[in-house]
Amino acid sequence: MKEIQAPNLIPYTESLRVFLGGSIEMGKAEKWQEKIVQHFKDADVTFLNPRRDDWDSSWVQSIHNPQFNEQVNWELTALELSDVVIINFDPATMSPISLLELGLHARSGKLIVCCPEGFWRKGNVDIVCQKYHITLVEDYEDLIRVIGEKIWLP
């Protein structure tokens, strides 16, 4: 298992690339990406993690801000290069970027979505997943099971 965090270079690899998208809102969202990486530490997989240790919430969210621009472009590239895209919606967050990513990749055939009861736009997420035949689970345990099936683990 390898983990590549934003904004590090995404290397060529023959292992499965899994993007860890979803709720990241600092102070609200659980660091669920760390749990997944730890759970699959023995798998032949490369996790692409947009959560970065040096994120600074004071960065202006503008195309003209080099750090912000780099982050967004890294995420867009990582999404495109991934074989599997996980989007985990935390009910304690609004996650507008995750909703955007769901829409951008709904037809890709590579999404796994976790959307528990209580997420403010669960109805929208459920309908998009149904319409585009996206794997949808409602809790972390099922998410782990589906990821394991996708990366060929028992």
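This one's a predicted model, so the numbers in the text were calculated from it and none came from an experiment. (Residues numbered from 1 in each chain as written. Predicted model: local features only at pLDDT ≥ 70, side-chain atom pairs only at ≥ 80, totals over all residues. Heavy atoms only, no water.)

Participant: Give me the packing of helix H1 (residues 32-39) against helix H5 (residues 140-150): which residues, what numbers.
Facilitator: At a closest axis distance of 11 Å, the pairing of H1 and H5 adopts a crossing angle of 45°. As summarised for this structure, H1 and H5 are arranged oblique, according to the angle between their axes. Note on packing geometry: the crossing formed by H1 with H5 is right-handed. Seen from H1, the contacting residues are Lys 35, Ile 36 and His 39; seen from H5, they are Tyr 140, Leu 143, Ile 144 and Ile 147. The class makeup of the residues in the contact of H1 with H5 is five nonpolar, one polar and one charged. (Axes fitted to C-alpha atoms, helices over the stretch in contact; angles between N-to-C directions. Helix = DSSP H or I, 4+ residues; strand = E, 2+ residues; numbered from the N terminus. Parallel < 35°, antiparallel > 145°, perpendicular 65-115°, else oblique. Left-handed = near helix turned anticlockwise from the far one by under 90°. Contact = heavy atoms within 4.5 Å. Nonpolar A, V, L, I, M, F, W, Y, C, P; charged D, E, K, R; others polar.)

Participant: Tell me about the packing of aromatic side chains, residues and numbers included.
Facilitator: What the rule picks out here adds up to three aromatic pairs. With a centroid separation of 6.5 Å and 45° between ring planes, the pair formed by Phe 40 and Phe 47 is classed as tilted. With a centroid separation of 4.8 Å and an interplanar angle of 75°, the aromatic rings of Trp 55 and Trp 59 are classed as edge-to-face. You can call Trp 55 partly exposed: its relative accessible area is 28%. Judged by relative accessible area, which is 15%, Trp 59 ranks as buried. A cation sits over an aromatic face here: Lys 35 above Tyr 140, 4.2 Å from the ring centre. Directly above the ring of Tyr 132 sits Lys 131, whose terminal nitrogen or CZ lies 6.0 Å from the centroid. (Phe/Tyr/Trp six-rings, centres within 6.5 Å; stacked < 30°, edge-to-face > 60°. Buried < 20%, exposed > 50% of the residue type's maximum accessible area, 1.4 Å probe, protein only. Lys NZ or Arg CZ within 6 Å of the ring centre and 35° of its normal.)

Shape descriptors only; they carry no functional weight alone.
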